[in-house]
Amino acid sequence: MIGSELPLLFLDVDGPLIPFGATREQLPGGYPTYESGHTPQVRDANPLITRINPAHGPRLMALPCELVWATTWMTDANECIAPWLGLPELPLVHWPESADEDERHGLHWKTRPLVSRAAGRPFAWVDDEITDTDGAWVEAHHSGPALLCRIDPRRGITDEDYADLGAWLRMRQGRG
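Thresholds, definitions, all that
Residues numbered from 1 in each chain as written. Predicted model: local features only at pLDDT ≥ 70, side-chain atom pairs only at ≥ 80, totals over all residues. Heavy atoms only, no water. Axes fitted to C-alpha atoms, helices over the stretch in contact; angles between N-to-C directions. Helix = DSSP H or I, 4+ residues; strand = E, 2+ residues; numbered from the N terminus. Parallel < 35°, antiparallel > 145°, perpendicular 65-115°, else oblique. Left-handed = near helix turned anticlockwise from the far one by under 90°. Contact = heavy atoms within 4.5 Å. Nonpolar A, V, L, I, M, F, W, Y, C, P; charged D, E, K, R; others polar. Phe/Tyr/Trp six-rings, centres within 6.5 Å; stacked < 30°, edge-to-face > 60°. Buried < 20%, exposed > 50% of the residue type's maximum accessible area, 1.4 Å probe, protein only. Salt bridge = Lys/Arg side-chain N within 4 Å of Asp/Glu carboxyl O. Pairing = 2+ DSSP bridges. Right-handed = clockwise from strand over helix to strand, strands pointing away. Polar contact = N/O pair within 3.5 Å; in protein donor to acceptor, adjacent residues only side chain to side chain.

### So, the packing of helix H4 (residues 111-118) against helix H5 (residues 132-141)
Two elements in contact, H4 and H5, have axes separated by 10 Å at closest approach and are oriented at 30 degrees. Compared by their axis directions, H4 and H5 come out roughly parallel. For H4 against H5, the interelement crossing comes out right-handed. Of H5, the residues touching H4 (which contributes Thr-111, Arg-112 and Val-115) are Asp-134, Trp-137, Val-138 and His-141. Counted by class, the contact of H4 with H5 contains three nonpolar, two polar and two charged residues.

### Re the packing of aromatic side chains
Taken as a whole, this structure holds two aromatic pairs when the rule is applied. Ring geometry for Trp-95 and Trp-109: centres 5.0 Å apart, planes at 80 degrees, overall edge-to-face. Of the two residues, Trp-95 is situated in the loop between helix H2 (75-85) and helix H3 (100-104) and Trp-109 in the loop between H3 and H4; the sequence distance between them amounts to 14 residues. Look at Trp-95 and you get buried, because its relative accessible area is 16%.

### A word on the pattern of salt bridges
A full pass over the atoms with the stated rule returns six salt bridges. With a shortest N-O distance of 3.2 Å, Lys-110 and Asp-12 are connected by a salt bridge. Of this pair, Lys-110 sits in the loop between H3 and H4 while Asp-12 sits in the loop between strand S1 (8-11) and helix H1 (56-62), placing them 98 residues apart in sequence. Taking the relative accessible area as the measure of exposure, Asp-12 reaches 6% and is therefore buried. Between Asp-127 and Lys-110 there is a salt bridge whose closest N-O contact spans 2.9 Å.

### Regarding the pairing of strand S4 (residues 146-150)
One ladder, built from five bridges, connects strand S3 (residues 123-127) with S4; its direction is parallel. Looking at S4, one finds that Trp-125 is bridged to Leu-148. Note that the unit made of S3, H5 and S4 has a crossover that is right-handed.

### Structural notes on the side chain of Arg-121
Relative to the helices and strands, Arg-121 resides in the loop between H4 and S3. Among the polar contacts made by the side chain of Arg-121, one reaches the side chain of Glu-66 at a distance of 3.1 Å. Once residues lying within four places of it in the same chain are set aside, the contact partners of Arg-121 are Glu-5, Leu-6, Pro-7, Leu-8, Glu-66, His-142 and Pro-145.

And the structure:
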């Protein structure tokens, strides 16, 4: 559609892409590690980067959306994670210095900046720390559709998560 914009997909790294927190009983052999045909620009990339399955790159690129890093990794996401996944450099959300007031009221510190960045555009937010409070706040303060996709950090993003995201994004593709 002419003049339409793709929905945004705000993507966190720790939890969705780098799983963590499983016990030895849950994962007796530990987390799987992967090799990537892409080398991060940063020589001493985070040692947990090998937990990121490089297959996420093509799957993320296949989603009908504009991918945006929504992570405390900031520029390291483009220097380490994007090359590992074979992704181009992605835009970043820049975080406020402090969100203490929000956190005292149970709102995640990322919620307001993401709604502000979306500026009414449809968006999906993939993170392991999303709560019902965030969902209620987004519903009350965002004029467009939003999907808050809470990821279990012990497993990371799953096939079911990709299916849900893909279906939701395709329904909003081309609708401002």
